[in-house]
Amino acid sequence: MPSFQFKTPPRIVCERGAALRLAPLLQGRRHAFVITDAGLVRAGLIDAPVAALRKAGLRVTVHDKVEADPPEHVVLAAVDAARVAGADCVIGLGGGSSLDTAKLVALLAASPQPLADIYGPQRATGPRLPLIQVPTTAGTGSEATPTSVVSTPDHQKRGVISSLLFPDVAVLDAQLTLALPPAPTAMTGVDAMVHAIEAYTTRHLKNPISDALAVRALQLLDRHLGRVIAQGDDIEAREGMLLGSMLAGMAFANAPVAAIHALAHPLGSHFHVPHGLANALVMVPVLRFNLPEAGAGYAELARALNPALHGASDGEAAEAFIATMAQHVAQAPMPQRLREVGIAANDLPMLAEAAMGVQRLLANNPRELNQTHALVLYTQAH
Ligand SMILES: [Zn+2]
């Protein structure tokens, strides 16, 4: 067996209503800085967790200025606000953008390093404030990853990757996800599937633990995605999605994602396509492109989803896997083509060039992918 390392958050709480019991997890801290977005505040999702913290004697400052694909200036403003408030712990409560912002606030509010100095792997020195992450979508798995992605002013997405960004506690409370409408439910759910698939077929750092997590994640997501789209308040299905999303996050935190994410990134940074949707739009063309190198992996995943395929050849099983994933996308209530999200045919060469800037992810792809390939894949997705 090859040698490997595996990193993950030290503590995970998976429990209905856990968001109302965060105070005991903060172990004597006095002032919590809660990072979220205005939509969740308007939806009333923040009220009960914040009230419970206050009832337990904590001061609470709610910062609701997170934006999707968090721009650098939004992150830095949140860091300043946490410093000014004098908070001594951070709670990320929201979707992936809130959790990614919370990671950097917990780090930079306590560390002398500027954000510009810590982009890239393992450049942050810390210290950081105690951090609890509470996802309200089942998608990014950000609560279980050491990465925070920031949109820089030059239309780039840059990642801070540091073990310091694992939270002290990840809290999965599916009740927080019940009200998410079908479209974002579908988009985030497909994103989680892509995390599992890309972790399982990545060229680097794949290992027995990430494989086991990716398989279990994909089983849960495959089984429950249709249910949560059809009936948002199905708590058991929501729990399946939230657990699947975190397991996929644990997997790709160690076995990194690849070309689907690399091709999705420019759709977000240039056209503000939501992250999950961007992945869904390019997923099937990239799966097909990767088939010559990743076919055996797809066949294994197919058999994990459908034991009836144990008698099928690898080729048949891999095709069945791609068909299953294509069906998940096709049945999701969301745009299906790049042209439906405001992208014109003559934008595609620029996107292909931009995707080549995401080498940190392309390097993980099971099959070498150049700019010509990227243009073909975007054209197929258009
Ligand atoms: Zn993703």
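Scroll up a little and you will see the structure.
Residues numbered from 1 in each chain as written. Predicted model: local features only at pLDDT ≥ 70, side-chain atom pairs only at ≥ 80, totals over all residues. Heavy atoms only, no water.

1. Notes on the coordination of the zinc ion
We count it as follows: Nitrogen, oxygen and sulfur within 2.8 Å of a metal are treated as its donors, or within 3.2 Å for sodium, potassium and calcium (Na, K, Ca); water is not counted, so a site can appear incomplete. Secondary structure elements are taken from DSSP: a helix is a run of H or I of four residues or more, a strand is a run of E of two residues or more, and numbering for both begins at the N terminus. Relative accessibility under 20% of the residue-type maximum defines a buried residue, over 50% an exposed one, and the middle range a partly exposed one, all with a 1.4 Å probe and only protein chains included.
Asp191 (OD), His195 (NE2), His261 (NE2) and His275 (NE2) make up the full set of protein donors to the zinc ion, lying at 2.1 to 2.2 Å. In primary-sequence terms, the residues that donate to the zinc ion follow D-x3-H-x65-H-x13-H. Of this pair, His195 sits in helix H5 (residues 182–201) while His275 sits in helix H9 (residues 275–305), placing them 80 residues apart in sequence. A relative accessible area of 2% means that His195 is categorised as buried. The exposure class of His275 is partly exposed, given its relative accessible area of 25%.

2. Describing the packing of H5 against helix H7 (residues 235–254)
Quick note on the threshold: With axes taken as lines fitted to C-alpha atoms, and helix axes fitted only over the stretch in contact, angles between N-to-C directions fall between 0 and 180 degrees. In a left-handed crossing the near helix is turned counterclockwise from the far helix by less than a right angle, and in a right-handed crossing that turn is clockwise. What makes two residues a contact is simply this: any of their non-hydrogen atoms within 4.5 Å. As a working rule, the residues Ala, Val, Leu, Ile, Met, Phe, Trp, Tyr, Cys and Pro are called nonpolar, Asp, Glu, Lys and Arg charged, and the rest polar, with Gly in that last group.
Where H5 contacts H7, the axes come no closer than 8 Å and their chain directions differ by 40°. Our pair here, H5 against H7, has a crossing hand that is left-handed. Only Arg238, Met241, Ser245, Ala248, Ala251 and Phe252 of H7 make contact with H5, whose side of the interface consists of Thr185, Gly189, Ala192, His195, Ala196 and Ala199. Of the residues assigned to the contact of H5 with H7, the class counts are seven nonpolar, four polar and one charged.

3. Observations concerning the nonpolar core
One recurring pattern in soluble globular proteins: nonpolar side chains tend to sit buried together. For the record, the criterion: We call a set of buried Ala, Val, Leu, Ile, Met, Phe, Trp, Tyr and Cys residues a nonpolar core when their side-chain atoms join them within 4.5 Å.
Counting 85 residues, the largest nonpolar core has Met283 and Tyr378 as its most contacted members. With 17 residues, H9 is the single largest residue contributor to this core.

4. Thoughts on the packing of aromatic side chains
Quick note on the threshold: Two rings belonging to Phe, Tyr or Trp (six-membered ring only in the last case) form a pair when the distance between their centres is within 6.5 Å. Interplanar angles under 30 degrees mark stacking, angles over 60 mark edge-to-face geometry, and anything in between is tilted. The criterion is that NZ of a Lys, or CZ of an Arg, lies within 6 Å of the ring centre and within 35 degrees of the ring normal, and then a charge sits over that ring.
Overall, the coordinates contain one aromatic pair when judged by the stated rule. With a centroid separation of 5.4 Å and 25° between ring planes, the pair formed by Tyr298 and Phe321 is classed as stacked. Of the two residues, Tyr298 is situated in helix H9 and Phe321 in helix H10 (residues 314–331); the sequence distance between them amounts to 23 residues. The burial state of Tyr298 is the same as that of Phe321; both residues are buried. We note Arg367 situated over the ring of Phe289; from NZ or CZ to the ring centre the distance is 3.9 Å.

5. Topic: the sheet that holds strand S1 (residues 12–14)
Rule in force here: Two strands qualify as a pair provided that DSSP identifies no fewer than 2 bridges between them.
Strand order in the open sheet made by the six strands is S1-S9-S6-S4-S2-S3, with parallel pairing throughout. Each edge of the sheet is formed by a strand with only one pairing partner; in this case those strands are S1 and strand S3 (59–63). Along the sheet, successive strands turn relative to each other by an average axial angle of 20°, direction set aside. Bridge analysis of strand S6 (residues 131–135) against strand S9 (residues 169–172) gives two bridges, and the strand direction is parallel. Residue Ile132 lies in a different strand from S9, and its bridge partner there is Val169. Of the strands in this sheet, strand S2 (31–35), S3 and strand S4 (89–94) touch helix H2 (residues 47–55), which is tilted by about 155° from S3. Set on the sheet, helix H4 (residues 96–108) makes contact with S2, S4 and S6; between it and S4 the angle comes to about 170°.

6. As for unusual backbone geometry
Here the bond from Gly126 into Pro127 is cis, since omega is 0°, no more than 30 degrees from zero. Among the structural elements, Pro127 can be located in the loop between strand S5 (120–121) and S6. Non-glycine residue Gln27 carries a positive phi angle of around 45°. In this structure, Gln27 sits in the loop between S1 and S2. Note on Gln27: relative accessible area 63%, which makes it exposed. At Leu205, a residue that is not glycine, the phi angle is positive and equals roughly 70°. Relative to the elements of secondary structure, Leu205 occurs in the loop between H5 and helix H6 (208–230). What makes Leu205 exposed here is its relative accessible area of 62%.

7. Brief notes about H2
For clarity, the threshold we go by: The reported arc concerns the directions from the helix axis to the C-beta atoms and nothing else.
Here H2 has its buried residues at Pro49, Val50 and Leu53. Projection of H2 onto a plane perpendicular to its axis shows the buried side chains occupying an angular sector of 95°, all on one side. Close packing links the buried residues of H2 with S2, S3 and S4. Count one or two residues on from H2 and you reach Gly57, which has phi positive near 100°.

8. Here we look at the sheet that holds strand S7 (residues 147–151)
The three strands are arranged S5-S8-S7 in an open sheet whose pairing can be described as mixed. Here the strands that pair on one side only, and so sit at the sheet edges, are S5 and S7. In terms of strand pairing, S5 meets strand S8 (residues 157–161) through two bridges, oriented parallel. Directly across from Pro121, in S8, lies its bridge partner Ile161. Docked against the sheet, H4 engages S7 and S8, running at close to 100° with respect to S7.

9. Notes on a nonpolar patch on the surface
So the rule is basically this: Within the patch definition used here, like charges are joined within 9 Å and nonpolar side chains (Val, Leu, Ile, Met, Phe, Trp, Tyr) within 5 Å, considering only residues with over 30% relative accessible area and no salt bridge. Computed with the Shrake-Rupley method and a 1.4 Å probe, the accessible areas treat only the protein chains shown as cover for residues. Any Lys or Arg side-chain nitrogen found within 4 Å of a carboxyl oxygen on Asp or Glu counts as a salt bridge.
A cluster of nonpolar residues, Met1, Phe4 and Ile209, forms a patch on the protein surface that exposes about 350 Å² of accessible area. Tracing the sequence through the fold places Met1 in the segment before S1.

10. Comments concerning the environment of Val90
Looking at where Val90 falls in the secondary structure, it is placed in strand S4. With 224 residues separating them along the chain, Val90 and Asp314 place their C-alpha atoms 47 Å apart. Sequence-distant contacts of Val90, defined by excluding residues within four places in its chain, comprise Phe33, Ile35, Ala102, Val105, Ala106, Leu129, Pro130, Leu131 and Ile132.

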